[in-house]
Amino acid sequence: MKRLFAALGIILFLSGLAAATTPTDHAKDEAAIRAILANLEEAWTKGDGKLWGEQFSEDVDFRVWNGLYLKGREAITKSHTEIFKTIFKGEKLRHKVLSIRFLRADVAVVRTEASHVKKDAEFPSRPMVFPLYVMTKENGRWQIVVFQNTKNELQDAG
């Protein structure tokens, strides 16, 4: 009987130890994900297509609110290098994280709202778009593997 209680004690101890080491605290991962969004904001403000592209995986799927679809980091870097010199020149970007949901320890869905304006302008009270990011952690580094941006049709509504 003593052996049974000892075995049960060991099992309970080991199961408690396993539960304690289960990765349920995602604070470091959330910080890394938020850093990616901060890098996107910095890239937009600096007009830096290379920094923008570095946040995405090599084979990312990228769709924006007007229907434009790009495949891969190279295409995103090239297109953003161009738009940062033209239609979005001299702008700043702001994200607000609505949620970070971990589907697995190495996969997260990040819902945000965002707006971009000229550098000297105030951000609108309502977001312009709702970017959705799917991010994965590869070799210890988070990156965006899917990007979907939806326009806020209600942004000008009162």
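Residues numbered from 1 in each chain as written. Predicted model: local features only at pLDDT ≥ 70, side-chain atom pairs only at ≥ 80, totals over all residues. Heavy atoms only, no water.

## Things to note about the pairing of strand S3 (residues 91-104)
With 12 bridges connecting them, S3 and strand S4 (residues 107-118) associate as antiparallel partners. Paired with Lys 96 across the strands is Glu 113, a residue of S4. In this structure, the hairpin formed by S3 and S4 is closed by a connection of 2 residues. (Pairing = 2+ DSSP bridges. Helix = DSSP H or I, 4+ residues; strand = E, 2+ residues; numbered from the N terminus.)

## Concerning the packing of aromatic side chains
Here the structure, examined in full by the defined rule, presents 10 aromatic pairs. Each ring, one from Trp 52 and one from Phe 56, has its centre 6.1 Å from the other, and the planes form 40°; the classification is tilted. A single burial state applies to Trp 52 and to Phe 56, both of which are buried. Pairing Phe 56 with Phe 147 gives two aromatic rings, centres 6.4 Å apart and planes at 85°, and the pair type is edge-to-face. Of this pair, Phe 56 sits in strand S1 (residues 56-63) while Phe 147 is found in strand S6 (residues 141-151), placing the two residues 91 residues apart along the sequence. For Phe 56, a relative accessible area of 0% translates into the label buried. A residue is classified by how much of its surface remains accessible, and Phe 147, at 5% relative accessible area, is buried. (Phe/Tyr/Trp six-rings, centres within 6.5 Å; stacked < 30°, edge-to-face > 60°. Buried < 20%, exposed > 50% of the residue type's maximum accessible area, 1.4 Å probe, protein only.)

## Topic: the confidence of the model for the protein chain
Here the protein chain shows a mean pLDDT of 87. Residues at 70 or above account for 82%. Between residues 4-22, whose pLDDT stays under 50, and residues either more than four places distant or in other chains, the model counts 0 contacts. (pLDDT = per-residue confidence, 0-100. Contact = heavy atoms within 4.5 Å.)

## Brief notes about the pairing of S6
Taken together, the 4 bridges between S1 and S6 define a ladder with parallel strand orientation. Looking at the pairing, Arg 63 lines up with Gln 148 of S6. When strand S5 (residues 129-138) meets S6, the two strands line up antiparallel, connected through 10 bridges. Paired with Tyr 133 across the bridge in S6 is Phe 147. In this structure, the hairpin formed by S5 and S6 is closed by a connection of 2 residues, where Asn 139 is found at a positive phi of approximately 50°.

## A few points about unusual backbone geometry
For residues other than glycine, phi is negative in most cases, and the peptide bonds are mostly trans. You will see that Asn 139, though not glycine, has its phi angle at about 50°, which is positive. Along the chain, Asn 139 falls in the loop between S5 and S6.

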